[in-house]
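Here is what each chain is made of, one letter per residue.
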Amino acid sequence: GLELAQPVRQAFEHLVACRHLQVEHGMPLQILDIGAPRDDICARAIALQAELICLDEGELWFPLPDDDPCGRHFVVIGRGRGALKIAVPQLRIGQVSVMPIENGTLLLEGLVAKYGAHIQAATACELYRVR
């Protein structure tokens, strides 16, 4: 009963606390440096909706396609470094780095997914997914 519900309650409370911090700091729009004030109601609404994705060094992240049931998404890199990579089966190494990603990079998930690309974190990374 209640013992089983405790981990779920703790996870939910953690999610709520993280979203409060995102709203307070205007994440992810503040990362983009587009001049949106932290207290702007639209920036706050986007911060409330943004899903924080944490990657460990070396971890891979695969984007959602545009036809995902939740619709189209974009991702903002909030912290860390990595590389956008694409599979090339004809090469012995199997994949190539297309571009570096770092703090402030904005990616359209559907476009990245369309070409079968993914991110490999070079350091611990924080990504913010917005739909």
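The following paragraphs examine the structure supplied in this document. Here the structure is a predicted model, which is why all the values come from computation and not from measurement. (Residues numbered from 1 in each chain as written. Predicted model: local features only at pLDDT ≥ 70, side-chain atom pairs only at ≥ 80, totals over all residues. Heavy atoms only, no water.)

### Quick look at the overall build of the protein chain
Then comes step 1: When helices and strands are tallied, the protein chain shows four helices and eight strands.
Then comes step 2: Walking the protein chain from its N terminus toward its C terminus, one meets helices and strands in the order α-α-α-β-β-β-β-β-β-α-β-β.
Then comes step 3: On the principal axes, the C-alpha backbone points of the protein chain span a range of 50 × 45 × 30 Å.
Then comes step 4: Relative to its full complement of 131 residues, the protein chain shows a buried share of 31%.
Then comes step 5: Restricting the contact set of the protein chain to residue pairs at least 6 apart, pairs at least 24 apart contribute 71%. (Helix = DSSP H or I, 4+ residues; strand = E, 2+ residues; numbered from the N terminus. Buried < 20%, exposed > 50% of the residue type's maximum accessible area, 1.4 Å probe, protein only. Contact = heavy atoms within 4.5 Å.)

### Some points on the pattern of salt bridges
Then comes step 1: Taken as a whole and judged by the stated rule, the model has four salt bridges.
Then comes step 2: One salt bridge connects glutamate 51 with arginine 129, and the closest N-O pair in it is separated by 3.4 Å. Here the residue glutamate 51 occupies a position in strand 1 (residues 51-55), and arginine 129 occupies one in strand 8 (residues 125-130), the gap between them amounting to 78 residues.
Then comes step 3: In this structure arginine 129 comes out as buried when scored by relative accessible area, which is 12%.
Then comes step 4: For glutamate 109, the salt bridge identified is with arginine 129, shortest N-O distance 2.7 Å. Of this pair, glutamate 109 sits in helix 4 (residues 109-114) while arginine 129 sits in strand 8; the two residues are 20 residues apart in sequence, bridging distant segments of the chain. We note that glutamate 109, like arginine 129, is buried. (Salt bridge = Lys/Arg side-chain N within 4 Å of Asp/Glu carboxyl O.)

### Looking at the packing of helix 1 (residues 2-25) against helix 3 (residues 41-49)
Then comes step 1: Between helix 1 and helix 3, the shortest axis-to-axis distance is 8 Å and the interhelical angle comes to 155°. On the basis of the axis angle, helix 1 is roughly antiparallel to helix 3. Once helix 1 is placed against helix 3, the crossing between them reads as right-handed. Contacts between helix 1 and helix 3 pair Arg19, Gln22 and Val23 from the former with Arg44, Ala47, Leu48 and Gln49 from the latter. (Axes fitted to C-alpha atoms, helices over the stretch in contact; angles between N-to-C directions. Parallel < 35°, antiparallel > 145°, perpendicular 65-115°, else oblique. Left-handed = near helix turned anticlockwise from the far one by under 90°.)

### Let's talk about the sheet that holds strand 5 (residues 95-102)
Sheet strands pair by backbone hydrogen bonding; their relative direction is either parallel or antiparallel.
Then comes step 1: Taken in spatial order, the four strands of this open sheet run 2-7-4-5, and their pairing is antiparallel. A strand with exactly one partner marks an edge of an open sheet, and here the two such strands are strand 2 (60-61) and strand 5.
Then comes step 2: Sheet topology places strand 4 (residues 81-87) next to strand 5; seven bridges connect them, and they run antiparallel. Looking at strand 5, one finds that leucine 84 is bridged to methionine 99. (Pairing = 2+ DSSP bridges.)

That is the geometry; function is a separate question.
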